[in-house]
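# Survey of secondary and tertiary structure
So you can see what is in the structure, the chains are spelled out below.
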Amino acid sequence: MRIAMIILYLVLAPLLGGLLDGIDRRISARMQRRVGPPILQPFYDVQKLFAKQRIVVTNSQTFLMITYLVLMVFTGCMFYSGADMLMCFFVLSTAGIFLYFAAVVTDSPYSYIGGQRELFQEMCCEPAVLLTGVGFYLLEDTFETAKIVQADRSAIVALPGFFAAFLFILTIKMRKSPFDESTSHHPHQELVKGVTTELGASNLALFQITEWYENILMLSVIALFIINKNPWSIPAAILVVLAAYFLEILIDNTSARMKSGKMLELSWAVTIAAAGVNLLILILVR
Amino acid sequence: MGKVKRSPWLLHYDASSCNGCDIEVLACMTPVYDVERFGVVNTADPMQADILLVTGGVNSQSAEVVKQLYDQMARPKVVVAVGICACTGGVFKDCYNINGGVDTVIPVDVYVPGCAARPESIIDGVVKAVQIFQERSDAHDKYVKEHGESERNLNDPDAAAREGNPADFFDAITKTSEGSRNKEAEKK
């Protein structure tokens, strides 16, 4: 079962991630009263990037990007094999560090500042991500995702604050406006392409694929709040995930970028107010 | 590999344009013209771009920049000169500070005339450029199949020399520069 889940994640995550990306671009275009690119556009892009001549600024970039991808895939595999959730989040942060290295190993100031902001974004997300793990532990007495999905009722009933906090930092994790500090999916930002400025051709394709794996992993955590031992909770979880993704697209298209200081204040405030209060109640009720 | 023509990413550079053509280039992205429906992305990064779109004539200050941007783009790449100034120098042709069109610095593949170039003709030019991009990509695939993958390090000054000039791959480029020379002869 575990191996089947891992293989399913390995194969389906980039497909679904790319498809969601394509739908995202299409819906964004429709929100702006444009026709928009084909749904499969992200796959065409990645295919083209692999077809181009490999271009680097330093040779270590390729190695760092491959490590970033491998660690991200590894995190997802751990999550889907039902392993310790907290451990997943630690490996996830490690993966992020390799993206930072890939950005600062170049001499480009744009890439460097993008890397710094990537770390800053990690800092904004981390409390909410770790508290999510703690919340699940207090509720189910386990960090293991395999046991969490076998719970009697959905975790969101007892953990609405954690859910809200995680939904908030999802925008930061997906690098969507108003929190697209380190790199933007849209052109014309002050940092050229931020953390991805010096990634060309196949390295950019690796970044893109890693982002798909990461998005699917993040949405899976959202789903974990819904899924319980009742099989009907799975379609419900898919609906909630799609709704969350739509919400992200809506926020992306209706908000301007925030200053990084404001991002830190807001994300920590929401984490403390929502997840923190939920945590206190959970401890008192126990 | 496959059909790369579905995903042409543009890099737009203003060499010395009056912003007339630049506004029209940006107009292509708006809901009215929406070039993103062809998969076009307006990227600001030469390392990620496939098609270099230059507006305005080249002067001594922008010549180096145009050259560098072209150099930083990964193969296969295509150049489009947008507007009459980028094509020939336009009304500024005889000015003391203007070198002339973009083809005085880098090989240009598609010329889009007009002052300012209409969004319709810019899209037309980009569609032509996309066809050339596909041809070059096929040539690049062939080259990679015969000679193996070539990795280029932008910080390595000898890299360009070691890469060599695969004749079949540069065929298209040579043809275009010949074309531009012929065009200049016609002008005279």
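Owing to the predicted nature of the structure, the values given are computational and were not obtained by experimental measurement.

### Quick word on the overall build of chain B
The number of helices and strands found in chain B is six helices and eight strands. Along chain B, helices (α) and strands (β) appear in the sequence β-α-β-β-β-α-β-α-β-β-α-β-α-α when read from the amino end. A total of 188 residues make up chain B; the buried ones form 52% of that total. The long-range fraction of contacts in chain B, counting pairs at least 24 apart against all pairs at least 6 apart in sequence, stands at 81%.

### Regarding the interface of chain A and chain B
Contacts between chain A and chain B engage 37 residues on the former and 40 residues on the latter. One can count five salt bridges joining chain A with chain B. Measuring nitrogen to oxygen at the nearest pair gives 3.0 Å for the salt bridge that ties E36 of chain B to R25 of chain A. In this structure, the connection of chain A to chain B is made through 17 residue pairs in polar contact (both at pLDDT 80 or more). Of all elements in the fold, only α2 (41-51), β1 (54-56) and α8 (201-224) of chain A reach the threshold of two or more residues within the side of chain A that touches chain B. With eight residues, α2 of chain A is the largest single contributor of residues to the side of chain A that touches chain B. Here the residues of the side of chain A that touches chain B are counted per class, giving 15 nonpolar, 12 polar and 10 charged. One ladder, built from three bridges, connects β1 of chain A with strand β8 (residues 151-153) of chain B; its direction is parallel. Bridge pairing in β8 of chain B links V56 of chain A to N153 of chain B.

### Quick word on the layout of surface pockets
Residue and element names in this part refer to chain A. The computed volume of the largest pocket comes to approximately 1100 Å³. For the lining of the largest pocket, the secondary-structure elements that each account for two or more residues are α1 (2-31), α3 (60-80), α6 (145-148), α8 and α9 (233-254). Here the residues of the lining of the largest pocket sort into 25 nonpolar, seven polar and two charged.

### Concerning the packing of helix α7 (residues 160-173) of chain A against α8 of chain A
Residue and element names in this part refer to chain A. Two numbers describe how α7 lies on α8: the axes approach to 10 Å, and their chain directions differ by 170°. If you check the angle between α7 and α8, you find them roughly antiparallel. For the pair formed by α7 and α8, the contact residues are F163, F166, L167, L170 and K173 on the first element and E214, M218, L219, V221 and I222 on the second. Partitioning the contact of α7 with α8 into residue classes produces eight nonpolar, no polar and two charged.

### Structural notes on the UniProt feature "domain: NADH:ubiquinone oxidoreductase-like 20kDa subunit" (unreviewed entry) in chain B
Under the present numbering, the feature "domain: NADH:ubiquinone oxidoreductase-like 20kDa subunit" (unreviewed entry) in UniProt falls on residues 18-128 of chain B. Along residues 18-128 of chain B one finds 32% helix and 19% strand; the C-alpha atoms at either end are 25 Å apart.

### Here's the deal with the packing of aromatic side chains
All names here are of chain A. Considering all chains together, one arrives at 10 aromatic pairs over all chains under this definition. For the pair F163 and F225, a centre-to-centre distance of 5.2 Å together with 80° between the ring planes defines the contact as edge-to-face. Of the two residues, F163 sits in helix α7 while F225 sits in the loop between α8 and α9, which places them 62 residues apart along the sequence. Of the residues examined, F163 reaches a relative accessible area of 13% and is grouped as buried. By relative accessible area, F225 is classed as buried at 0%. Site record: aromatic cluster; members linked through ring pairs are Y9, F79, Y80 and Y213.

### Some remarks on the environment of C85 of chain B
Residues and elements named next belong to chain B. One can find C85 in helix α3 (residues 84-88). Each C-alpha atom, one on C85 and one on Q68, is 20 Å from the other, the two residues being 17 residues apart in sequence. If sequence neighbours within four positions are ignored, C85 has contacts with G56, G57, G90, F92, G100 and G101.

### A word on unusual backbone geometry
Residue and element names in this part refer to chain A. Of note, the amide linkage connecting S177 to P178 takes the cis form, showing an omega dihedral of 5°. With respect to the helices and strands, P178 occurs in the loop between α7 and α8. Unusually for a residue other than glycine, V192 sits at a positive phi of about 55°. In this structure, V192 sits in the loop between α7 and α8. Located in the positive-phi region is A201, a residue other than glycine, with phi close to 45°.

### Examining the nonpolar core
Membership of the largest hydrophobic core comes to 79 residues, with the highest contact counts inside it found for F166 and F225 of chain A. Beyond its immediate stretch of four places on either side in the chain, F166 of chain A contacts V129, T132, M218, V221, I222 and F225 of chain A.

### A few points about a nonpolar patch on the surface
Residues I3, I7, L8, L10, V11, L12, L15, L16, L19, I23, I39 and L40 of chain A make up a contiguous nonpolar surface patch of about 980 Å² in total accessible area. Within the secondary structure layout, I39 of chain A lies in the loop between α1 and α2.

### As for the UniProt feature "transmembrane region" (unreviewed entry) in chain A
Residues and elements named next belong to chain A. Per the UniProt annotation, the sites labelled "transmembrane region" (unreviewed entry) are residues 6-23, 62-83, 89-107, 154-172, 212-228, 234-251 and 263-285. Here residues 154-172 runs as 68% helix and 0% strand, with 25 Å between its end C-alpha atoms. As annotated, residues 234-251 has a helix share of 100% and a strand share of 0%, and its two end C-alpha atoms lie 26 Å apart.

### Remarks on the sheet that holds strand β5 (residues 78-82) of chain B
Residue and element names in this part refer to chain B. Spatially, β2-β1-β3-β5-β7 is the arrangement adopted by the five strands of the open sheet, whose pairing is parallel. The open sheet terminates on both sides in strands that have one partner only, identified here as β2 (41-43) and β7 (110-112). Put simply, the sheet's adjacent strands are angled 30° from each other on average, direction ignored. In this sheet, strand β3 (residues 51-55) lies alongside strand β1 (residues 9-14) in parallel orientation, the contact comprising five bridges. When the bridges of β3 are listed, L10 appears paired with I51. Lying over the sheet, helix α1 (residues 20-27) contacts β1, β2, β3 and β5, oriented at roughly 140° with respect to β3.

### Details of the pattern of salt bridges
Scanning all chains against the criterion turns up 17 salt bridges over all chains. Among the salt bridges present, the one from R34 of chain A reaches E36 of chain B, with a minimum N-O distance of 2.6 Å. A residue pair is termed interchain when its members come from two chains, as with R34 of chain A in the loop between α1 and α2 and E36 of chain B in the loop between α1 and β2. By the burial criterion, R34 of chain A is buried, and E36 of chain B matches it. E122 of chain A serves as the salt-bridge partner of K173 of chain A, at 3.6 Å between the closest nitrogen and oxygen. Of the two residues, K173 of chain A sits in helix α7 while E122 of chain A sits in helix α5 (residues 109-140), which places them 51 residues apart along the sequence. For the pair shown, K173 of chain A and E122 of chain A are each scored as buried. Salt bridges linked by common partners bring R25, R34 and D45 of chain A together with D34 and E36 of chain B together as one network.

Each value, and the rule that gives it
- Residues numbered from 1 in each chain as written.
- Chains lettered and ligands numbered in written order.
- Predicted model: local features only at pLDDT ≥ 70, side-chain atom pairs only at ≥ 80, totals over all residues.
- Heavy atoms only, no water.
- Helix = DSSP H or I, 4+ residues; strand = E, 2+ residues; numbered from the N terminus.
- Buried < 20%, exposed > 50% of the residue type's maximum accessible area, 1.4 Å probe, protein only.
- Contact = heavy atoms within 4.5 Å.
- Salt bridge = Lys/Arg side-chain N within 4 Å of Asp/Glu carboxyl O.
- Polar contact = N/O pair within 3.5 Å; in protein donor to acceptor, adjacent residues only side chain to side chain.
- Nonpolar A, V, L, I, M, F, W, Y, C, P; charged D, E, K, R; others polar.
- Pairing = 2+ DSSP bridges.
- 1 Å grid on protein atoms, 1.4 Å probe; cavity = no way out; pocket = protein on both sides within 12 Å on 5 of 7 lines; lining within 4 Å.
- Points joined across faces, edges and corners; volume = space filled by probe spheres on them.
- Axes fitted to C-alpha atoms, helices over the stretch in contact; angles between N-to-C directions.
- Parallel < 35°, antiparallel > 145°, perpendicular 65-115°, else oblique.
- UniProt positions renumbered as here; feature names shortened; annotations may be inferred.
- Phe/Tyr/Trp six-rings, centres within 6.5 Å; stacked < 30°, edge-to-face > 60°.
- Core = buried A, V, L, I, M, F, W, Y, C linked by side-chain atoms within 4.5 Å.
- Patch = residues over 30% accessible without salt bridge, like charges linked within 9 Å, V, L, I, M, F, W, Y side chains within 5 Å.
- Areas by Shrake-Rupley, 256 points an atom, 1.4 Å probe, with all protein chains shown as cover.

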